[in-house]
Amino acid sequence: MTVAEKKAGFEQSMARLEEIVKLLERGDAPLEDAMKLFEEGTKLAEACDALLNEAEKKVVALSKGPDGAPVERDFDDGE
Amino acid sequence: MSDRIYTVGELTREIKDLLDGQPALQQVYVRGELSNYKVYPSGHHYFTLKDEEATLKAVMFRREASRLHFRPESGMKAIALGRITVYPRDGAYQLYVSELVPDGVGDLQLAYEQLKEKLRAEGLFDSAHKKPLPAYPERIAIVTSSAGAAVRDIIRVASKRWPLAKLILLPVRVQGAEAPAEIVSAIRYANRWSVADLIITGRGGGSIEDLWAFNDERVARAIYESELPVISAVGHEPDVTIADFVADLRAATPSNAAELAVPDWEEQRELLLSWRARMASALRTRLETSRHRLTKLRERRVLTEPGAYFADRRIALDHLGALLLSACQARLAKDRAALGARASALDAMSPLKVLARGYAIAEKEDGTILRRAAGAVPGERLKLSLADGRVNVRVEGE
């Protein structure tokens, strides 16, 4: 999984996690399903946690390249 | 002509009384250019209003000056409201200013209100058009000056709150005649190349003229047309520009825009922790429910007294067996009766019964049955079947 893919998954992961919490709290799933949900939720939570810890400040300035496409360069905001 | 000789003070007082007695001069608007503008340590402002023909000395005391909405500077055109009086020590009349507004702002204000009304009527401010903001933006385009405090505030707050987002600056001028076109083109560029999932555009505080680019119709329309959601962040809290009305979300300041744009890292982490705790406790509860059900099941008769369970089933089986037997017997009796009825019907149709009553069957030599007298040929031999046997006969005539 690339960083971009992982990040794209953060929102979905959080949404699924919230759903799992609600499903588990409803308590009407068969035990086997509940165990599976718990396992899935724990994995998602760990993945999200890992993403949060990967965070790294990144600031760029954009300019128009010769073909019109954006060109990035690091932007120093003086901090 | 009077030959009274005045002292300077007397004459000055006379002039002062004369001027002070003119109601028209006690509340007068004067338009002119500010010059020699000075703010004294006392907080009072001293300056001159001038035009091509004349100059007028003016003073604005600290109390009035504290209510200024802009920072007056020499060279600026302004309209002052005040009263004319004489300052005897200098022997000069001057304007005691109670209000000072930049000249032309009246026109700007009018243009602002007119544009606001026009765009509102067109539906550019409709809440139905406002786009939702991404919950976790990964890339944020910042359309502002690369030099101002605004960009630093946005970067500082956004990267502290949510360092997962990449911040992409599209540098533009945010004041001056070129600013609107640059802002418009940056917003469109960000959309065309999908450089981000959210745009913040704005600038730091300033005078109404400084903020004017964000009251430009072209900028308003570019924000309206943007596919990417736009947060406006212009000036300070009380400054509301046209861009603020048309943006998907209005931030009071650039820092506030960053707060609105991204979630808080700490909060998300705590949320994750609380979800994990809730999952664990829900699963624990679920396990206890299952354990409880198991206990309940164990207490049932089938498990506690399996013998009784089988006894019950055995009785049911016996009962069913008896039912099956009687059903079979009934069916057999019915079939037997049907068979008897058919056998006697068959018996009634038997040819032997007909022969027994004295009839005979005549058979030709070729084995066919003679059914009509016309079919018999004289001299022909026939075989007659009777109830107890056969006889051979010869046809003699008709």
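Each remark here, short or long, concerns the structure printed above.
Residues numbered from 1 in each chain as written. Chains lettered and ligands numbered in written order. Predicted model: local features only at pLDDT ≥ 70, side-chain atom pairs only at ≥ 80, totals over all residues.

## Looking at the overall build of chain B
Alright, step 1. On a plain count of helices and strands, chain B comes out with 13 helices and 13 strands.
Alright, step 2. For chain B, buried positions account for 24% of its 398 residues.
Alright, step 3. Residue pairs at least 24 apart in sequence account for 62% of intrachain contacts in chain B once pairs closer than 6 positions are excluded. (Helix = DSSP H or I, 4+ residues; strand = E, 2+ residues; numbered from the N terminus. Buried ≥ 20, exposed ≤ 12 C-beta atoms within 10 Å, placed from the backbone. Contact = placed C-beta atoms within 7 Å.)

## Looking at the overall build of chain A
Alright, step 1. Check the secondary structure of chain A and you find 2 helices and 2 strands.
Alright, step 2. What you see in chain A, going N to C, is helices and strands ordered as α-α-β-β.
Alright, step 3. With 79 residues in all, chain A has 19% of them scored as buried.
Alright, step 4. Counted over contacts in chain A with a minimum sequence separation of 6, partners at least 24 positions apart contribute 36%.

## Some points on the packing of helix 6 (residues 179-192) of chain B against helix 7 (residues 217-225) of chain B
Residue and element names in this part refer to chain B.
Alright, step 1. Between helix 6 and helix 7, the shortest axis-to-axis distance is 8 Å and the interhelical angle comes to 10°. The angle between helix 6 and helix 7 falls in the class roughly parallel. On helix 7, the residues touching Pro-180, Ala-181, Ile-183, Val-184, Ile-187 and Arg-188 of helix 6 are Arg-218, Val-219, Ala-222 and Ile-223.
Alright, step 2. For the contact of helix 6 with helix 7, the class distribution of residues is 8 nonpolar, no polar and 2 charged. (Axes fitted to C-alpha atoms, helices over the stretch in contact; angles between N-to-C directions. Parallel < 35°, antiparallel > 145°, perpendicular 65-115°, else oblique. Nonpolar A, V, L, I, M, F, W, Y, C, P; charged D, E, K, R; others polar.)

## Considering the interface of chain A and chain B
Alright, step 1. Contact residues are listed per partner, giving 34 residues for chain A and 33 residues for chain B.
Alright, step 2. A total of 10 residues in the side of chain A that touches chain B trace back to one element, the largest contributor, which is helix 2 (residues 31-54) of chain A.
Alright, step 3. Pairing between strand 1 (residues 58-64) of chain A and strand 7 (residues 166-171) of chain B: 4 bridges, direction parallel. Counted as the bridge partner of A:Val60 is B:Ile168 from strand 7 of chain B. (Pairing = 2+ DSSP bridges.)

## Describing the sheet that holds strand 7 of chain B
Alright, step 1. The strand order across the open sheet built from 7 strands is 2(A)-1(A)-7(B)-6(B)-8(B)-9(B)-10(B), with neighbouring strands paired in mixed fashion. Looking at strand neighbours, the two that pair on one side only are strand 2 (70-74) of chain A together with strand 10 (249-251) of chain B, the edges of this open sheet. Within the sheet, the average angular offset between the axes of one strand and its neighbour, ignoring direction, is 25°.

Structural measurements only, silent on function.
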